[in-house]
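One letter stands for each residue in the lines below.
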Amino acid sequence: MSDGKRMGVGPHADLIKEGPMSITVPPERTRLSNASIAAACLVLCCSIIATGLLQTRIHAQAQGPSVTVDPDDIGGVVRSPNGPEAGVWVIAETTDLPTRLIKIVVTDDQGRFVVPDLPKATYQVWVRGYGLVDSKPIQAAPGKTVALTATPAATAREAAKIYPGSYWFALLNVPQKGEFPGTGPQGNGMAPALRSQAHWIDVMKQGCHLCHQLGNKFTRELETRAPLSSSAASGAGSLRDGKNGPNPSSMGGWDRRVQSSQRGAQMSQVMSRFGRQRGLAMFADWSDRIAAGEFPPEAPPRPQGAERNLVLTLRDWGTPTLYIHDEITTDKRNPTVNPNGPAYGVAISDDFLTIVDPVKNTAANLKLPTRDDPKSIPPFFPRSMLASSPYYGDEILWTNPANPHNPMMDGKGRVWLTHRIRAPTNPAWCREGSSNPYAKNYPIEQSERHPSFYDPTTQQWTLIDTCFGTHHLQFAEDKDDTLYFSGDGEVIGWINTRKFDETRDAPASQGWCPVVVDTNGDGRIGEYVQPAEPVDPKRDKRYRGASYGIIVSPVDHAVWFAQNGPVPGRIFRLEIGSNPPATCKAEVYEVPFNPAGSGKSGFVPRGIDIDRNGVVWTALSGSGHMASFDRRKCAVLNGPTSTGEHCQEGWTLYKDPGPTLRNAPEVAADYHYYNWVDQFDTLGLGKNVPLSTGSLSDSLLALLPDTGQWVVLRVPYPLGFFSRGMDGRIDDAKAGWKGKGVWATYGAAVTWHIEGGKGTNPKMIHFQMRPHPLAR
């Protein structure tokens, strides 16, 4: 035992001696009452106990900062030879539960951590962090504290192995701005349709990033090389140093790669959109330089500030080959719907509604029904391939006549989604000659997807036939619970769900309008010119093209939707009015764009959402910005000049965090498949906070609109988090941070590109923000 006086443990330290304990009683006090003796013993015992506890605490502080845990937590300290490691991730993983569970937290500035609220199980606990190599997992159970040892990476290249894909993708050499426009295979090798560098980047992002990351280990490393065909060799040019082109066998390897599997025909078409030889040369040069030892010159920053408060809970769902496109957990208009209930996803690849129960930690898949015989509905994915898959050979993995896309939840907890219930040809009441007022105004011959909903209470499906095509869907905050749909190339459609619930009459419950802008400024839609015709100041103008993201304003019930092409893209506002289709009226607003990239310039909106004030937010997937549009700032709304470029003052652009592209420093390397606004503070960063999917940066990106600052919510494990959307739910408003959070899924088309490779399941993630990194 240490010398109590030297340790400074209080007024009773002189009673603590090394060796056997003894008590000396003065002669004048040999005659004491039993009560006095008992009191003296009690004081002595308390002193000894207090001294022991204090020495234990001092010993713990000598080993490192103390951490307190509850019976369902694992806590401790992460140290390396450099001392405590701040801003690194501690990962606790178990397969003891019905579905795999992973929980991830971030260390504080003293290297301390608490992994909270763990189900009873045995966990493998380890450390990952920028500048480190992954630590060896140790076994731990809830209620315990552990000391974790981190090891610094020996080289910067070794450290870069766990960098997000966007940091590796940023090494790609896109053609210089001065090389455009494309002049074809006999000129600069670039397709003539590519009029600017932005058009080239748009092909990369909407063509490749649309389905998966570029820059992860599976794409930056070329699995095979092949002889270069004569057609691919001609006009390849050089992208390395102007003299020595990429290795022809690497170009051949990329030519072979993009023809692989059921999506090979689509990937091959995208490569040809660059000018095939020029595109192959760019990608071959990229992978050759990486194979030769090149790596990202700058490391990603470790989590800082509020980023260290993040708690991630991941659960396996689906199967290793399911392509789970989107998820939903609650009603966007009221995030208290379905508290603690299952999360739902749509597996576009095999026509499943995927389910994970966060309370029971179980997962399941429900097969989507079709109204007609599935054999009569053409599958979305081809049943053949140009070349075999390096992972699954010639196996046809995906059969999906239903081709589901996007789920949404209503106030009753029913899960609505868009999927094919029949072959594309529309019934007679949709087409030319029908008495249906909407068909008389604008007949529709075909529709590719239709609405349906699943009722978890009855476990029954309801399929609804619509004339218009569907893709994304959003409910309005109105008495009819109107459900609006994007996806049709000609119209915006909707269903009065209240009326449908009452009547089950699909034709009478739906409507649609073409997108016509009031370019003559008379306040209504009359005779109009067609999309290919120039603006006529005496008439209105119709626009066409597939709508993507869609949202309804909580302020005035107007419908907003995004159209991501052609560059630079645009957003539309549609008033349905009191007597549609006669009262439908649209407005169009083009994203500010300068091909030189200077000034307020961005391109290609995809997702779209709105805050409670009516300000629209859209993530620019091409240029890598979050953009807001405030219609209240517009001097002009309609008339002959209202062709899209008339309200630049309404736009504000916020550039992404993270690396930018070589030869295009104004363009972020990251990609935003979609975005969402946290209207009700389900995450914990405040109300009306917009978030985008950092689909190449393994993250969700939250923008604090009052300051313009970003909060990066990184998912460090498994690498390959590629999200297509998110939503937020409040399970218990009285439970603080534990009673709410944001949900998102791994949504890449190629699940085997997730860290772990073939055999890895997709995962559903719960994002929660606690008040500090040690909150329990």
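Residues numbered from 1 in each chain as written. Predicted model: local features only at pLDDT ≥ 70, side-chain atom pairs only at ≥ 80, totals over all residues. Heavy atoms only, no water.

Some words on the state of the cysteines
Spelled out, the test is: Cysteine sulfur atoms are paired as a disulfide whenever they come within 2.5 Å of each other. In DSSP terms, a helix is any run of H or I states spanning at least four residues, a strand is any run of E spanning at least two, and both are numbered starting from the N terminus. When accessible area is computed with a 1.4 Å probe and restricted to protein chains, residues below 20% of their type maximum are described as buried, those above 50% as exposed, and intermediate ones as partly exposed.
Taken as a whole and assessed by the stated rule, the structure comprises three disulfides. For C430, the disulfide goes to C467, at an S-S distance of 1.9 Å. The S-S bond linking C430 to C467 shows a torsion near -75 degrees; that makes this disulfide left-handed. Here the residue C430 occupies a position in the loop between strand 17 (415-419) and helix 11 (437-441), and C467 occupies one in the loop between strand 19 (460-463) and strand 20 (470-475), the gap between them amounting to 37 residues. For C430, a relative accessible area of 0% gives the class buried. A sulfur-sulfur separation of 1.8 Å characterises the disulfide bridge that pairs C513 with C584. Looking down the S-S bond of the C513 and C584 bridge, the torsion is 45 degrees, so its handedness is right-handed. Here C513, found in strand 23 (residues 510-517), pairs with C584, found in the loop between strand 28 (570-575) and strand 29 (585-590); they are 71 residues apart in sequence, far enough to count as distant. Take C513: its relative accessible area is 0%, and that puts it in the buried class. For the unlinked cysteine C208, the closest cysteine sulfur is that of C211, found at 8.8 Å. What makes C211 buried here is its relative accessible area of 9%.

Section: the pattern of salt bridges
Cut-off, in case you're wondering: A side-chain nitrogen of Lys or Arg and a carboxyl oxygen of Asp or Glu constitute a salt bridge if their distance falls within 4 Å.
Taken as a whole and judged by the stated rule, the model has 43 salt bridges. A salt bridge links E85 to R302, with the nearest nitrogen and oxygen atoms 2.7 Å apart. Within this pair, whereas E85 is found in the loop between strand 2 (83-84) and strand 3 (89-94), its partner R302 is found in the loop between helix 10 (276-291) and strand 11 (310-316), the two being separated by 217 residues in sequence. Given a relative accessible area of 7%, E85 falls into the buried group.

What to know about the sheet that holds strand 14 (residues 352-357)
To be explicit about the condition: A strand pair is defined by DSSP finding two or more bridges across the two strands. Helix axes are fitted only over the stretch in contact, all axes being lines through C-alpha atoms; the angle between N-to-C directions runs from 0 to 180 degrees.
Spatial strand order, 12-13-14-15: four strands in an open sheet with antiparallel pairing. At either end of the open sheet lies a strand with only one pairing partner, and these are strand 12 (324-328) and strand 15 (362-367). Neighbour-to-neighbour, the strand axes of this sheet turn through a mean angle of 25 degrees, independent of strand direction. Pairing analysis gives five bridges linking strand 13 (residues 343-347) to strand 14, with the strands arranged antiparallel. Bridging from a neighbouring strand, A347 pairs with F352 of strand 14.

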